[in-house]
Amino acid sequence: FNFQDLCFEYGKSGIGVIVPNIDVDQGIERIESFKKRVDDLVTESGSSSKFIAGISARNGRLISGDRIIREARSALKRADKGPDQIIGFRVDPVKYRNYIASKATSNPD
């Protein structure tokens, strides 16, 4: 990953990475490429590991960092429980618009 200052420890054996200016599909492609490199290193070393990833993206939404982390964490939990090792959190645009509309009506200026 190009920006080492955007890589963080996550839990006991995980990492979190912020990659600017990409959507969920691009993120999945990057993680799949990274996973292949990790798998090759693991195979060469003779060790075993479990690689799972949860991805979220702003996609033009005005949301907090905490919200993005919650979305990625939710995707990560699904990846840990299911057959897919890489899960992208996909936002339902209709639900998001309804959420924004409800916030606007509950917080009038």
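Residues numbered from 1 in each chain as written. Predicted model: local features only at pLDDT ≥ 70, side-chain atom pairs only at ≥ 80, totals over all residues. Heavy atoms only, no water.

1. Some details on the overall build of the protein
Counting secondary structure elements, the protein contains three helices and four strands. Of all 109 residues assigned to the protein, the portion counted as buried reaches 20%. Just so you have it, the protein exposes about 8,500 Å², and 51% of that area is on carbon and sulfur atoms. Mean positive and mean negative side-chain charge positions of the protein (18 and 15 charges, respectively) differ by 6 Å. (Helix = DSSP H or I, 4+ residues; strand = E, 2+ residues; numbered from the N terminus. Buried < 20%, exposed > 50% of the residue type's maximum accessible area, 1.4 Å probe, protein only. Areas by Shrake-Rupley, 256 points an atom, 1.4 Å probe, with all protein chains shown as cover. Lys, Arg positive; Asp, Glu negative; His and termini not counted. Charge placed at Lys NZ, Arg CZ, Asp CG, Glu CD.)

2. So, the side chain of Lys-35
As for its position among the elements, Lys-35 is in helix H1 (residues 24–45). With sequence-adjacent residues up to four places away left out, Lys-35 is seen in contact with Phe-51, Gln-85 and Ile-86. (Contact = heavy atoms within 4.5 Å.)

3. Quick notes on the nonpolar core
Within soluble globular proteins, side chains that are nonpolar tend to cluster in buried spots. Among the nonpolar cores identified, the biggest contains ten residues, and these are Val-24, Ile-28, Ile-31, Val-38, Val-42, Phe-51, Ala-53, Ile-55, Ala-57 and Ile-86. Of all the secondary-structure elements, those providing two or more residues to this core are H1 and strand S3 (53–55). In terms of residues, this core owes the most to one element, H1, which gives five residues. Residues contacting Ile-28, with those up to four places away along its chain left out, are Ile-55, Ile-86, Gly-88 and Arg-90. (Core = buried A, V, L, I, M, F, W, Y, C linked by side-chain atoms within 4.5 Å.)

4. Focus: the side chain of Glu-71
Of note, Glu-71 is situated in helix H2 (residues 65–81). The residues touching Glu-71, leaving out its near neighbours within four places in the chain, are Ser-56, Ala-57, Arg-61, Ile-63, Phe-89 and Val-91.

5. Examining the pairing of strand S2 (residues 14–17)
Sheet analysis places strand S1 (residues 7–10) next to S2, joined by four bridges and oriented antiparallel. Of the residues in S2, the one forming a bridge with Phe-8 is Gly-16. (Pairing = 2+ DSSP bridges.)

6. Let's talk about the environment of Leu-6
Here Leu-6 shows up in the segment before S1. On a C-alpha basis, the gap between Leu-6 and Pro-20 in space is 9.3 Å, while along the polypeptide they are 14 residues apart.

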